[in-house]
Amino acid sequence: MKVVVDMTLCQDHGQCAIAAPEVFRMDEDSKLVFDAEPDGSLSDAVQDAIDVCPVQAIFLER
Ligand code: SF4
């Protein structure tokens, strides 16, 4: 599973980090950092993050 975030869309609000903290987090500068190749067992959490992202910046490649 591969996670892609369009950083030109991302506004660093952090909803994804709340929905899937195993994959997404905000760094000390409140910028998004994420695991681009999370374990497949996290696919539901990643899907939750995709669903809550207000700018639809998160994409999943299986
Ligand atoms: S929810 Fe979307 S806009 Fe917000 S930090 Fe995550 S990817 Fe960026």
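Residues numbered from 1 in each chain as written. Predicted model: local features only at pLDDT ≥ 70, side-chain atom pairs only at ≥ 80, totals over all residues. Heavy atoms only, no water.

Q: Looking at this model, I keep getting lost on the pairing of strand β1 (residues 2-5). Mind explaining?
A: Put simply, side chains in a regular strand alternate between the two faces of the sheet. Side chains Val3 and Val5 project from β1 onto a buried face, and the interleaved Lys2 and Val4 project onto a face without burial. By the bridge criterion, four bridges tie β1 to strand β4 (residues 58-61) in an arrangement that is antiparallel. Bridging from a neighbouring strand, lysine 2 pairs with glutamate 61 of β4. (Buried < 20%, exposed > 50% of the residue type's maximum accessible area, 1.4 Å probe, protein only. Helix = DSSP H or I, 4+ residues; strand = E, 2+ residues; numbered from the N terminus. Pairing = 2+ DSSP bridges.)

Q: Sorry, what's going on with the nonpolar core here?
A: The nonpolar side chains of a soluble globular protein tend to be buried with one another. Core analysis: the largest hydrophobic core is formed by 17 residues, its most contacted members being Val3, Val5, Cys16, Phe24, Leu32, Ala49 and Ile58. Secondary-structure elements contributing two or more residues to this core are β1, α1 (15-19) and α2 (43-52). With four residues, the top contributor of residues to this core is α2. (Core = buried A, V, L, I, M, F, W, Y, C linked by side-chain atoms within 4.5 Å.)

Q: I keep staring at the pattern of salt bridges and nothing clicks. Help me out?
A: Pairing is possible between side chains of opposite charge, provided their charged atoms come close. Counted according to the given criterion, the structure contains one salt bridge. As a salt-bridge pair, lysine 31 and aspartate 12 come within 3.3 Å of each other at their nearest N and O atoms. With lysine 31 in the loop between β2 (24-26) and β3 (32-34) and aspartate 12 in the loop between β1 and α1, this pair connects stretches of sequence that are 19 residues apart. For lysine 31, a relative accessible area of 45% corresponds to the partly exposed category. Since its relative accessible area comes to 21%, aspartate 12 is described here as partly exposed. (Salt bridge = Lys/Arg side-chain N within 4 Å of Asp/Glu carboxyl O.)

Q: Looking at this structure, how should I read the environment of alanine 45?
A: Turning to its location among the elements, alanine 45 is positioned in helix α2. In this structure, the C-alpha to C-alpha distance between alanine 45 and isoleucine 18, residues 27 residues apart in sequence, is 9.9 Å. Dropping the residues within four chain positions of it, alanine 45 is found in contact with Ala19, Ala20 and Glu22. (Contact = heavy atoms within 4.5 Å.)

Q: I'm lost on the side chain of serine 43 in this one. Help?
A: Among the secondary structure elements, serine 43 is positioned in helix α2. When sequence neighbours within four positions are dropped, the list of residues in contact with serine 43 reads Met1 and Arg62.

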